[in-house]
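# Reading the structure
Listed here are the chains, written in short residue letters.
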Number of protein chains: 4
Amino acid sequence: MKKKAEERKEQVLKAAFQAVASHGYDSVTLQDIADHAGVSKGVVHYYFHNKESILSELLQSITAQIYEVEYRAISGKHTAMEKLNAYMDCVFVSPEKNKKFYRVYVNFLAQASRNPVYQKINLAFYENCWNIGREIITLGKKEGVFPIDLDVDTTAKMMRAMIDGCLTQWLMCGRDDLHDFYKKACLKSISTLLQTS
Amino acid sequence: MKKKAEERKEQVLKAAFQAVASHGYDSVTLQDIADHAGVSKGVVHYYFHNKESILSELLQSITAQIYEVEYRAISGKHTAMEKLNAYMDCVFVSPEKNKKFYRVYVNFLAQASRNPVYQKINLAFYENCWNIGREIITLGKKEGVFPIDLDVDTTAKMMRAMIDGCLTQWLMCGRDDLHDFYKKACLKSISTLLQTS
Amino acid sequence: MKKKAEERKEQVLKAAFQAVASHGYDSVTLQDIADHAGVSKGVVHYYFHNKESILSELLQSITAQIYEVEYRAISGKHTAMEKLNAYMDCVFVSPEKNKKFYRVYVNFLAQASRNPVYQKINLAFYENCWNIGREIITLGKKEGVFPIDLDVDTTAKMMRAMIDGCLTQWLMCGRDDLHDFYKKACLKSISTLLQTS
Amino acid sequence: MKKKAEERKEQVLKAAFQAVASHGYDSVTLQDIADHAGVSKGVVHYYFHNKESILSELLQSITAQIYEVEYRAISGKHTAMEKLNAYMDCVFVSPEKNKKFYRVYVNFLAQASRNPVYQKINLAFYENCWNIGREIITLGKKEGVFPIDLDVDTTAKMMRAMIDGCLTQWLMCGRDDLHDFYKKACLKSISTLLQTS
DNA sequence: TATGAATGAGCTTTCATTCAT
DNA sequence: AATGAATGAAAGCTCATTCAT
């Protein structure tokens, strides 16, 4: 019973992701979500209290998933540079996936700039991202590949700023073929930041 | 006649900016805009074809203004580092102004991820921003303060990515007091990128 | 301008009365009201904040009107018995009008039993009705046609209870032809109450 | 089997009464009723064809119960005045019970003013109430305590009109402390009506 | 019997847009 | 030029009812 309900919610959230990706945060309707899920409008209201609860759970869900994938990627590697490369491979996964996720994500950021609920969820995501950065930097310092006096916290934040800045800029250019350019440039920039004290 | 009309449009656009800043992109109504402008709803429709035209003209207007201010700032300086510092002072102008502008701007990015009209306007803004970066880098290379083999185009793009990434991250943290932290960290990161080949 | 708006509100309220009379308080829709008024649904929302505000203004309006008519009726008469007869003629005006009003009124009473807004409006109506009773009774005592030790307040309340009880009972019987029976019986009962100390 | 079903229906009707009393006639949902009964929504539909059938059976049930209690009360007494007093004690049982019942009852009257099904049920209740009045009056005439030429039918109807009028007025005033006032005033008024030809 | 997941009709409300003045 | 009354499409949400289990 409980399991079925969880699956249903998951199904609706997946549909919501698709719907927001194609219609945009503020244009998306519950009907769109229901259509994407292949269920009736009633189902959406049966499993979620209201529209905002679907969307905030969606943000929660996708940021959690992204983080999990990223964290798993760096966990499999053992040196700082390997972790960094794995992280970047993960972050710049592919034009298609990045486009879909960032389209949705920038919509949520737009909301978060006003809505504390989204803001809090995004902040938790930031914390996770920064932690990945911190882990890589700390390890690199131990290994002696990054300067010992590098500011861990600040650099971790700059890493994520660079990543989000690059992927946003890439998304806005509307050119899938530049994905690789941005990936390489971003990696190079971050490497520079990490190797300079 | 023509002049009066231009002033009217300008008045409405200013009101639209305030209205979007306070109510949010997708919550703002034409009534809100009319109220902020101190005119009737009819006026808004008299000077603009529809809601989207107001908002796209607004994006056009604010990005043009931002660029103009930034460009003027660097024009007044003569060395690369002076220009860079002036640019950053201009970009990280103050918590209040940055918050107002970026709240509106992330909303437009969210739209631009889907709407080609906004996308084109934003791309023109990017071009202008990149040009500022290029100008600074090229001058610095001439002056011998930046490595001669630095990739001008790529670095200019990374500069803007860093700036947008930092200001977005700052905005999402909801802490005005971190404005200075992000400003300094961003300047330091960009300096590092510019001084490392 | 202002006058036109007042007329519009009045028009909508009249339509609301007709709509509630034919569909019932809780079945009536804003579309019904708009249809009865011969306007679009938007107009109803343009002049009233929401559904409840229409309905509470309706109760306010009809109770005020009823009172006014009743008060004017007794004002035109000079002796207690003349006033009483005029009052009863007014209250039991006709099967059609009584049916329409009481159908709507019992719906409001049903709401008022739960909603303080309606309750307050109804209480004001009661006060007015009781005042009419008090006026008649006080005059009758002065004239010597009613016992001097008759309790003015209590008797006024019982008068209205008798009237509402009779008209409700008549309405529920669904027989227009009994209107006259109830009118006479009510008048006789009230006369008895007034003439017995 | 049959018995179980009867008990189930009774259970649902009791729950419906509580639910209507607390949520109001037109706000009450089948879920509310199911919750009050401690059963699932399906059960409600299993034993009742639809929402209206529950509510009409509820009206049937509560009016029958009220009558039964009232009738039993007067049956235990032997003189007209004793019966009248017992009747009034029964009718004005307590602020709590009267409030609960009349809140629900006025809602049904509101429905009955439009719906023949409810109207018929209420008419049957009226008949029962009038019969109680008739019984008391007839006995009183036999005993010589009421005028011999008193119109039995009419007076019985006026008795009930007075009772319903008083209790409705009391309910609408929202003051529990006036319960006793209305009880006494009602009894006095009815006594006057009965003792005056 | 009993459950509660699923449906979708129908409601209130918002608001961009039109247009008579 | 300017107003704001009027429109009605479209949205979120509620809930009686159905039905597979």
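The name recorded for chain A in an unreviewed UniProt entry is Transcriptional regulator, from Domibacillus antri.

Turning our attention to the packing of helix H8 (residues 152-173) of chain D against helix H9 (residues 179-195) of chain D. Each pair of packed helices can be summarised by the angle the axes make with each other and by the distance between the axes. Residue and element names in this part refer to chain D. Their axes nearest at 10 Å, the elements H8 and H9 cross at an angle of 165°. Judged by the angle between their axes, H8 and H9 are roughly antiparallel. With respect to the hand of their crossing, H8 and H9 are arranged in right-handed fashion. Where H8 abuts H9, its residues Thr 155, Met 158, Met 159, Met 162, Ile 163, Cys 166, Gln 169, Trp 170 and Cys 173 lie against His 179, Tyr 182, Cys 186, Ser 189, Ile 190, Leu 193 and Leu 194. Residue composition of the contact of H8 with H9, grouped by class: 12 nonpolar, four polar and no charged.

Another aspect to go through is the interface of chain D and chain C. Counting from both sides, the interface comprises 45 residues of chain D and, opposite them, 44 residues of chain C. Here chain D and chain C share an interface that buries about 3500 Å² over both sides, 63% of which is from carbon and sulfur atoms. Of all residues in chain D, the largest losses of buried area upon contact with chain C belong to Arg 114, Gln 169 and Met 172 of chain D, amounting jointly to 20% of the total for that side. Between the two partners, chain D and chain C, sit zero salt bridges. Our enumeration of links across chain D and chain C arrives at 13 residue pairs in polar contact (both at pLDDT 80 or more). Mapped by element, the contributors of at least two residues to the side of chain D that touches chain C are helix H1 (2-23), helix H6 (95-112), helix H7 (116-143), H8 and H9 of chain D. Residue contributions to the side of chain D that touches chain C peak at 13 residues, all from H8 of chain D.

Before going further, it helps to examine the protein's contact with DNA strand E. Residues in close proximity to DNA strand E total 31 residues, the closest being Val 43, Tyr 46 and Tyr 47 of chain A, Lys 51 of chain C together with Tyr 47 of chain D. Of everything in DNA strand E that lies within 4 Å of the protein, sugar and phosphate atoms constitute 70%. One nitrogen or oxygen atom from the side chain of Lys 41 of chain C is found 3.0 Å from a base oxygen belonging to DNA strand E. Elements represented by at least two residues in the surface near DNA strand E include exactly helix H3 (41-47) of chain A, helix H3 (41-47) of chain B, helix H3 (41-47) of chain C together with H1 and helix H3 (41-47) of chain D. Partitioned by chemical class, the residues of the surface near DNA strand E number 12 nonpolar, 10 polar and nine charged.

This part covers the protein's contact with DNA strand F. Every one of the 31 residues lining DNA strand F counts as a neighbour, but Lys 41 of chain A, Tyr 47 of chain B together with Arg 8, Tyr 46 and Tyr 47 of chain C are closest to it. Counting only the atoms of DNA strand F within 4 Å of the protein, the fraction contributed by sugar and phosphate is 69%. Between Lys 41 of chain D and DNA strand F, the recorded distance is 2.9 Å, taken from a side-chain N or O atom to a base oxygen. Elements supplying a minimum of two residues to the surface near DNA strand F: H3 of chain A, helix H1 (2-23) and H3 of chain B, H3 of chain C together with H3 of chain D.

This next bit is on the domain arrangement of chain A. Residues and elements named next belong to chain A. Each assigned domain of chain A is listed here: domain 1 (1-48) and domain 2 (51-195). Distance from the C-alpha centre of domain 1 to the C-alpha centre of domain 2: 27 Å. Taken together, the contact between domain 1 and domain 2 spans 16 residues of the former and 17 residues of the latter. Each partner contributes to the roughly 1500 Å² buried at the junction of domain 1 and domain 2, and carbon and sulfur atoms together form 70% of this total. Broken down residue by residue, the surface that domain 1 buries against domain 2 is led by Leu 13, Phe 17 and Tyr 25, which jointly contribute 44%. Taken together, domain 1 and domain 2 are joined by one salt bridge. The partner of Lys 9 in a salt bridge is Glu 57, and the shortest N-O contact between them spans 3.3 Å. The tally of links from domain 1 across to domain 2 stands at five residue pairs in polar contact (both at pLDDT 80 or more). Secondary-structure elements contributing two or more residues to the side of domain 1 that touches domain 2 are helix H1 (2-23) and helix H2 (30-37).

After a rotation of 179° and a shift along the axis of 0.1 Å, chain B superposes on chain A with an RMSD of 0.3 Å. Taken together, the rotation and translation describe the operation of a two-fold axis. Identified as the residue of chain B closest to the rotation axis by C-alpha distance is Gly 165 of chain B, at 2.0 Å. Both copies present the same face, since 98% of the interface residues in chain B are matched by interface residues at the equivalent positions in chain A.

Cut-offs applied
Residues numbered from 1 in each chain as written. Chains lettered and ligands numbered in written order. Predicted model: local features only at pLDDT ≥ 70, side-chain atom pairs only at ≥ 80, totals over all residues. Heavy atoms only, no water. Axes fitted to C-alpha atoms, helices over the stretch in contact; angles between N-to-C directions. Helix = DSSP H or I, 4+ residues; strand = E, 2+ residues; numbered from the N terminus. Parallel < 35°, antiparallel > 145°, perpendicular 65-115°, else oblique. Left-handed = near helix turned anticlockwise from the far one by under 90°. Contact = heavy atoms within 4.5 Å. Nonpolar A, V, L, I, M, F, W, Y, C, P; charged D, E, K, R; others polar. Buried area = accessible area lost by both parts, 1.4 Å probe. Salt bridge = Lys/Arg side-chain N within 4 Å of Asp/Glu carboxyl O. Polar contact = N/O pair within 3.5 Å; in protein donor to acceptor, adjacent residues only side chain to side chain. Near = heavy atom within 4 Å. Domains from an automatic or database assignment. Least-squares fit on C-alpha atoms with pLDDT ≥ 70 in both.

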